[in-house]
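Commentary on secondary and tertiary structure
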Amino acid sequence: MTKTKEHAVSRRTFVKGSALAGLGAAALGTGTLFACSPQGTDEVSGGASETVDEKVVWGHCSVNCEGRCALRLHVTNDEVAWVESDNTGDDVYGDHQIRACLRGRSIRRWINHPDRLSYPMKRVGKRGEGKFEQISWDEAYDLIADNYQRILDEYGPEAIWNHYASGVNASNIGSFLSRFINMNGGCLGRYGSYSSAQISAALPYLYGKRAANSNSDIVNAKLVVMFGENSVETKAGGAGPTYHLEQALEQGGAKVIVIDPRYSDTVATRADQWIPIRPGTDAALVDAVAHTLIEEDLVDHDFLATYCIGYDEDTMPESAQGQNKSYKAYIMGQGVDGVEKTPAWAEGITGIPADTIVELAREIGTAKPCAIYQGKGPQRQSNGEQTARAICMLPVLTGNVGINGGNTGSDLDGFYFSSFSVPSDKNPVQTSIATFTWTDAIDHGTEMTKLAHGVRGKDKLDVPIKMIFNYAGNTITNQHSDINRTHEILQDESKCEFIVVWETFMTDSAKYADVLLPDLMPVEQPNFVSNDYAGNMGFIIMGEPVTSPKFERRTLYADLREIAKRMGKEEAFTEGRDEEAWLQFCYEEARKEDADLPTYDEMKEMGVYRRKDPDGHQVALKDFRDDPVANPLKTPSGKIEIYSEQLAEIAETWELAKGDIIDPLPVYAPGVEGWDDPLRETYPLQMPGYHYKARAHSSYGCIDVLKQANPQELWMNPLDASERSIKDGDKVQVFNDRGTVEIVAKVTPRIMPGVVSMGQGAWHDADMSGNKVDKGGCINTLTSPRPTPLAKANPQHTNLVEVKKA
Ligand SMILES: Nc1nc2c(c(=O)[nH]1)N[C@H]1C(S)=C(S)[C@@H](COP(=O)(O)OP(=O)(O)OC[C@H]3O[C@@H](n4cnc5c(=O)[nH]c(N)nc54)[C@H](O)[C@@H]3O)O[C@H]1N2
Ligand SMILES: Nc1nc2c(c(=O)[nH]1)N[C@H]1C(S)=C(S)[C@@H](COP(=O)(O)OP(=O)(O)OC[C@H]3O[C@@H](n4cnc5c(=O)[nH]c(N)nc54)[C@H](O)[C@@H]3O)O[C@H]1N2
Ligand SMILES: [Mo]
């Protein structure tokens, strides 16, 4: 892999040979001096010809965009000189290159960024102030070991929190942290994610699990209907769903309809029709489509009778018979609410003309097969679980479940063939809380109960969270709802007593660390994508450290080893292995299960290994569809439960806050802070966010070229703008009771009236001891911290705001 190339003398070589060399490698190592070199040459004029070593090293972009793309990093004299992406494979569909998008391709700017953290530090100002002092590694490790042991002794392991963090999601380096924590008695568990907790919580009641056809199977569809699915922007990497969608549409020719409040990039590039919808009202649209399907006899009666319970009175479970509680009764106006879910009814809620709804229903009812997908946008709403289940009703009603070219209505999935990870052992602590509720567990943990707050494993929490380990995540503030609220909670150091953060930048979350450790990026250590998917092709990427460690940056593993040593557990933690040995060990374990995998050495040489789905395409619930008796679902009845007795019981027994709705049927639930909330008199505009191509969440958020190409803006319809005398490009303030964001307005018909939106993940930038006005455009200054009813998860797309000229 190492090749030698003739070069003009590089500036690096020049500097090395000059008096400056005395500064040592660490001081020179940032590479920012050389950051603009396209080919790694950075010639000094008149330079003599000299031989330099250029290596090409495999690596990958590890952030959580669901892309996981391969990179080939060209390294000269221990500096990344330039970066290209995958150039292997036949580049035919199914064996195609895992090419990176502009984010991955700008990784050199990220690695070499002048603001990168380089030294261990301890906080000297208040939390959130960003004042830190450099300390020695020994002092950092001592501080962590002492505080960790003290908190364990005083409060027990349930007071420890391993924070949700997805910054190195593609590599499972973070498993070392779980291993370390589990070895020390474990921590308060967490369930659900920020990504798709509502879908994950809701779909098992309907289908026994969450499952979808691989999106490559769209090649077999006649019609594709996508609710808030924006994969063109959110899964842009070369092997990702965008590419599969593109190929499937090109080869299959299906019509595509996208339902989204925004004219997203997916609408712009892939859709035949855009149906703008009021945020949080998808279930009402589904209801009215169902009404037309029933009225015009476009439902699949055989499918409903054979595979489902709860559609009509004939298949109602005993406990609910004879009470007009069936789905059909609900839709046709004989249900408990007595409202007929006509297209005219839905027009008033969704903002979609009744005629368009009828047309949509006819198309869905007659296209065979029809693939219906949801993105994760609609479920990230205050009524998200009901919406997630409701969308699935359209494939259920039309019998499009379990067949090629159809889908369950769930979000995009793909083919996985193998998985390997560092053994982290089991968390000995049985108690867990929903991921999103961690601030409550700090603030008033002992008030949190099973029935009111979703505590699992115990009726109530015995101790609040007292210590946070946060490895590669920005969900302490930037990515979690209501930053100003979290700030207040974390200010009180008697509540959460100690916070350790591993970062590469001084992010907003990092400012809350008590000890802040400068990490090496995955490409700077033995790295791998252990298993990833895209449509019907899975892949593994195996990489090597691109350069030696710069400044005082170290790996997570090296840090944990030192902390374990101080706690008398080094040997138990390492089992005598270093990072590379662990990687090899894990890979060999996976090979025992899958003999077709290349050897470890071959894998390192190849960099990328692909495998096509031997079944062609994954078809969710195919076994059940083929033989429902032999292959029942994991629901109590073994069938698709349109009416769920389990949810009926939860609705009866859980203590729900006012406005929270859990229903045995997938009914439309307005949600709190939705379009019809009385709060709209004060804050009239709905503000969902979206995942933006400029960044993966907040990752890459500091890269100048990406920021210039994709500015942070507030999308606003011309009607709303003119009412407020706002012009395109004006600086505006977006505000509600939770905070104020200053941002530039983009006045555009790409967003429907009554709705404004900004990309999530911009870097929060406010004077937290002053007016707290966020000049960075971070949507979480404004988002709601109120958990959704069933999953107790993030409703981060449900927010009411007002906008005025700044
Ligand atoms: N570039 C980039 N890619 C990413 C990420 C990133 O940050 N940047 N993040 C990755 C991660 S971790 C995840 S979980 C996924 C997230 O993927 P998604 O959750 O699917 O992405 P979102 O952009 O939040 O939502 C998708 C679309 O839903 C729309 N939407 C919002 N509310 C509603 C609604 O009520 N109804 C309907 N019909 N549409 C609605 C939004 O306008 C948006 O266009 O993306 C992944 N990919
Ligand atoms: N309002 C709103 N909020 C949201 C969402 C939304 O749609 N709307 N989406 C939610 C979703 S789906 C998700 S998944 C979360 C994601 O939230 P996070 O998991 O916090 O994702 P990032 O913002 O990418 O933060 C990753 C952090 O890891 C750091 N990092 C990157 N590489 C390394 C490394 O090698 N080592 C270390 N130590 N650190 C590294 C980055 O600097 C960054 O600060 O956000 C959620 N927040
Ligand atoms: Mo996510």
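Residues numbered from 1 in each chain as written. Chains lettered and ligands numbered in written order. Predicted model: local features only at pLDDT ≥ 70, side-chain atom pairs only at ≥ 80, totals over all residues. Heavy atoms only, no water.

Looking at an unreviewed UniProt entry, one finds the protein chain named Anaerobic dimethyl sulfoxide reductase, A subunit, DmsA/YnfE family and attributed to Eggerthella lenta. Within the UniProt record for the protein chain, the comment given under Subcellular location (unreviewed entry) is "Cell membrane". Taken from UniProt, the Sequence similarities (unreviewed entry) comment for the protein chain reads in full: "Belongs to the prokaryotic molybdopterin-containing oxidoreductase family." (UniProt positions renumbered as here; feature names shortened; annotations may be inferred.)

Further remarks concern the overall build of the protein chain. On a plain count of helices and strands, the protein chain comes out with 27 helices and 28 strands. The C-alpha atoms of the protein chain give 27 Å as radius of gyration, which agrees with the globular expectation for 806 residues (28 Å, within 12%). Over its C-alpha atoms, taken along the principal directions, the protein chain stretches across nearly 90 × 60 × 60 Å. A buried classification covers 63% of the 806 residues belonging to the protein chain. In the protein chain, once contacts between residues fewer than 6 apart in sequence are set aside, the share between residues at least 24 apart is 75%. Element-wise, carbon and sulfur atoms account for 48% of the exposed surface of the protein chain, whose accessible area totals about 28700 Å². Taken together, the 82 basic and 115 acidic charged side chains of the protein chain have centroids lying 3 Å from each other. (Helix = DSSP H or I, 4+ residues; strand = E, 2+ residues; numbered from the N terminus. Rg over C-alpha atoms; globule rule 2.2 N^0.38 Å. Buried < 20%, exposed > 50% of the residue type's maximum accessible area, 1.4 Å probe, protein only. Contact = heavy atoms within 4.5 Å. Areas by Shrake-Rupley, 256 points an atom, 1.4 Å probe, with all protein chains shown as cover. Lys, Arg positive; Asp, Glu negative; His and termini not counted. Charge placed at Lys NZ, Arg CZ, Asp CG, Glu CD.)

Before going further, it helps to spend a moment on the packing of aromatic side chains. Applying the stated criterion across every chain yields a total of 28 aromatic pairs. Between Trp-110 and Phe-505, the ring centres sit 6.3 Å apart and the planes meet at 20 degrees, which makes this aromatic pair stacked. In this pair, Trp-110 sits in helix H4 (residues 107–111) while Phe-505 sits in the loop between strand E16 (498–503) and strand E17 (515–518), placing the two residues 395 residues apart along the sequence. For the pair formed by Trp-110 and Phe-505, the shared burial category is buried. Ring centres 6.3 Å apart and planes at 25 degrees place the aromatic pair Phe-469 and Trp-502 in the stacked group. Taken as a pair, Phe-469 in strand E15 (residues 467–471) and Trp-502 in strand E16 lie far apart in primary sequence, 33 residues in all. Each member of the pair Phe-469 and Trp-502 is classed as buried. (Phe/Tyr/Trp six-rings, centres within 6.5 Å; stacked < 30°, edge-to-face > 60°.)

To continue, consider the site of ligand 1. In the neighbourhood of ligand 1, 33 residues make up the surrounding shell, with Thr-234, Asp-260, Asp-282, Arg-695 and His-697 lying closest. Backbone polar atom of Cys-65 to a nitrogen atom of ligand 1: 3.0 Å apart, as the coordinates give it. A distance of 3.1 Å is found between an oxygen atom of ligand 1 and a side-chain nitrogen or oxygen belonging to Gln-381. Surface burial for ligand 1 is 99%, taken as the share of its 910 Å² of free accessible area covered by protein chains. At the level of secondary structure, the elements contributing two or more residues to the shell around ligand 1 comprise helix H8 (231–234) and strand E23 (689–691). For the shell around ligand 1, a count of residues per class yields nine nonpolar, 13 polar and 11 charged. Counting the residues that make up the shell around ligand 1, at least three belong to each of domain 2 (196–413 + 618–651) and domain 3 (676–803). (Near = heavy atom within 4 Å. Polar contact = N/O pair within 3.5 Å; in protein donor to acceptor, adjacent residues only side chain to side chain. Nonpolar A, V, L, I, M, F, W, Y, C, P; charged D, E, K, R; others polar. Domains from an automatic or database assignment.)

Buried accessible area, meaning the area lost when the parts come together, often serves as the stated size of an interface. If you check the domain split of the protein chain, you get domain 1 (119–190 + 423–518 + 549–580), domain 2 (196–413 + 618–651) and domain 3 (676–803). For domain 1 and domain 3, the distance between their C-alpha centres works out to 29 Å. Contacts between the two partners involve 23 residues from domain 1, matched on the other side by 26 residues from domain 3. When domain 1 packs against domain 3, the two sides together hide about 1900 Å² of surface, and 52% of this comes from carbon and sulfur. Considering only the surface of domain 1 that becomes buried against domain 3, Phe-436, Gln-479 and Asn-484 emerge as the three largest contributors, covering 30% of it. Scanning the region where domain 1 abuts domain 3 turns up one salt bridge. Between Glu-488 and Lys-772 there is a salt bridge, and its shortest N-O distance comes to 3.8 Å. Per-element accounting of the side of domain 1 that touches domain 3 gives the leading share, five residues, to helix H19 (residues 483–491). Residues that form the side of domain 1 that touches domain 3 fall into these classes: seven nonpolar, 12 polar and four charged. (Buried area = accessible area lost by both parts, 1.4 Å probe. Salt bridge = Lys/Arg side-chain N within 4 Å of Asp/Glu carboxyl O.)

Surveying the vicinity of ligand 2 reveals 35 residues, the closest of which are Ser-166, Asn-474, Glu-503, Ser-698 and Ser-699. Here an oxygen atom of ligand 2 sits 3.3 Å away from a polar atom, N or O, in the main chain of Thr-475. A distance of 2.8 Å separates a nitrogen atom of ligand 2 from a polar side-chain atom of Asp-519. Coverage of ligand 2 by the protein chains reaches 99% of its 920 Å² of free accessible surface. In terms of residue class, the shell around ligand 2 is made up of 13 nonpolar, 19 polar and three charged.

Turning our attention to the environment of Ser-216. Positionally, Ser-216 belongs in the loop between helix H7 (197–207) and strand E9 (223–227). A relative accessible area of 1% means that Ser-216 is categorised as buried. Remark: the alpha-carbon pair of Ser-216 and Tyr-243, spanning 27 residues in sequence, is separated by 9.0 Å. Once residues within four sequence positions are removed from consideration, Ser-216 is found in contact with Tyr-93, His-244, Ala-248, Gly-535, Asn-536 and His-617. At 3.3 Å, the side chain of Ser-216 and the backbone nitrogen of Asn-536 are in polar contact. Reaching out from Ser-216, the side chain makes a polar contact with the side chain of His-617 at a distance of 2.9 Å.

Time to look at the pairing of E16. With respect to burial, E16 is a largely interior element, six of its six residues being buried. Alternating positions in E16 separate into two faces, Phe-498, Val-500 and Trp-502 on one and Ile-499, Val-501 and Glu-503 on the other, with burial throughout. Since E15 and E16 lie parallel, the crossover through H19 that links them has a hand, and here it is right-handed. With four bridges connecting them, E16 and E17 associate as parallel partners. Bridge assignment links Val-500 to a residue of E17, and that residue is Val-515. (Right-handed = clockwise from strand over helix to strand, strands pointing away. Pairing = 2+ DSSP bridges.)

Right, let's talk about the sheet that holds E23 for a bit. As summarised here, the arrangement of the seven strands in space is E22-E28-E25-E26-E24-E27-E23, forming an open sheet in which the pairing is mixed. Each edge of the open sheet is held by one strand with a lone partner, namely strand E22 (685–686) and E23. Across three bridges, E23 lies against strand E27 (residues 756–760) in parallel orientation. Bridge pairing links Tyr-690 to Gly-759 in E27.

Next up on the list: the sheet that holds E9. The strand order across the open sheet built from four strands is E11-E10-E9-E13, with neighbouring strands paired in parallel fashion. Of all strands in the sheet, those bounded by a partner on one side alone are strand E11 (273–275) and strand E13 (370–374). For this sheet, the mean angle separating the axes of adjacent strands, direction not counted, is 15 degrees. Pairing analysis gives five bridges linking E9 to E13, with the strands arranged parallel. Bridge pairing links Met-226 to Tyr-373 in E13. (Axes fitted to C-alpha atoms, helices over the stretch in contact; angles between N-to-C directions.)

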